[in-house]
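# Understanding the architecture of this molecule
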Amino acid sequence: MSPSEIDVPAADGIAEAYLVTPDGPGPYPAVLMFMDAFGLRPRLMEMARRIAARGYAVLVPNLFYRDASGPLVTPEELTDGAKRVAAFGRLMPMIRALTPERITADATAYLDFLAGQEKVADGPAGLVGYCMGGRNALIVTAALPDRIAALGSFHAGGVVTDAPDSPHTGVAAITAEVYFAHADNDGSMTPEQIKTLEATFGAAGVTYTSELYEGAPHGFTMSDTSMHHEEGERRHWEALFALLGRTLPVR
């Protein structure tokens, strides 16, 4: 594979990012990967390489580029419960600053960047999001339906809210196949909210799968945090690769 840490154009400036493509001329289907709240770091780069090893060109941008660059958290903040809470307090203003308009404008720039790469295939991309990235990915999939072929969202929160612009209210525009994996006992995505999301997908005719990962806590895919759940991570890889295989088959 050919990994590189690069700067990419975004809606309001330049975002640091990680790009990894398989060796060879391609072209390879594009996958845009949205980070969790703890930012672009070695764990996400490792995950991007694992996706790229299946034959995809993967871009992971720093979604907080407007506010911060470089490491956003320390290893101790990822593994110590009290320090995690403090880190969230520091990061929450950045999360809230990502309005749907900003999220969509940035995603458009990232997809344009990918489309301009010589080794990237023409056509819509796959979109994968973790935690807040899963929420943001749903917003993008609804806003840019012609550009997204698959959405994989894992332990996302804030997807169903009482706000008029709650992410779930826009799903009627989605043409991609959608997969949602929900953490168990997750206060940011309750059983009632999961049912609302599923009903909304069903009413809109979206091709979707929604699964509860029993025993897996919020953040279960992230092996560098105290929330890692080995079985949940394994199951997520199986589901993600199956989704990409159906919607963006590698030639």
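Everything here concerns the structure above.
Below is a short write-up of the structure. None of the values given here were measured: they were computed from a predicted structure.

### Quick notes on the nonpolar core
Formed by 88 residues in total, the largest nonpolar core has its most connected members in Ile-51, Val-58 and Tyr-110. Aside from chain neighbours lying at most four places away, what touches Ile-51 is Val-31, Met-33, Tyr-56, Val-58, Trp-237, Leu-240, Phe-241 and Leu-244.

### A few points about the sheet that holds strand β3 (residues 30–34)
Sheet architecture is open: 8 strands sit in the order β1-β2-β4-β3-β5-β6-β7-β8, paired in mixed fashion. The open sheet has two free edges, formed respectively by β1 (2–10) and β8 (208–213), since each of these has just one partner strand. The sheet shows a mean angle of 20° between the axes of neighbouring strands, direction not considered. Bridge count for β3 against strand β5 (residues 125–130) is 4 bridges, and the pairing is parallel.

### A word on unusual backbone geometry
Excluding glycine, residues mostly carry a negative phi; peptide bonds, for their part, are mostly trans. Residue Gly-26 is joined to Pro-27 through a cis peptide bond whose omega torsion reads 5°. With a phi angle near 40°, His-155 is a residue other than glycine that sits in the positive phi range. On the secondary structure map, His-155 appears in the loop between β6 (148–154) and β7 (177–183). Its identity as a non-glycine residue notwithstanding, Asn-185 has a phi of 50°, on the positive side. Looking at Asn-185, the relative accessible area reads 77%, which means it is exposed.

### Remarks on helix α7 (residues 230–247)
Compared with the 26 Å implied by 1.5 Å per residue over 18 residues, the 26 Å span of α7 between its first and last C-alpha is a close match. Residues of α7 that are buried include every one of Gly-232, Glu-233, His-236, Trp-237, Ala-239, Leu-240, Phe-241, Leu-243 and Leu-244, and no others. Looking at the buried positions of α7, the neighbouring elements they touch are β3, α1 (42–52), β5, β6, β7 and β8.

Procedures and definitions
- Residues numbered from 1 in each chain as written.
- Predicted model: local features only at pLDDT ≥ 70, side-chain atom pairs only at ≥ 80, totals over all residues.
- Heavy atoms only, no water.
- Core = buried A, V, L, I, M, F, W, Y, C linked by side-chain atoms within 4.5 Å.
- Buried < 20%, exposed > 50% of the residue type's maximum accessible area, 1.4 Å probe, protein only.
- Contact = heavy atoms within 4.5 Å.
- Pairing = 2+ DSSP bridges.
- Helix = DSSP H or I, 4+ residues; strand = E, 2+ residues; numbered from the N terminus.
- Axes fitted to C-alpha atoms, helices over the stretch in contact; angles between N-to-C directions.
- Expected span 1.5 Å × (residues − 1).

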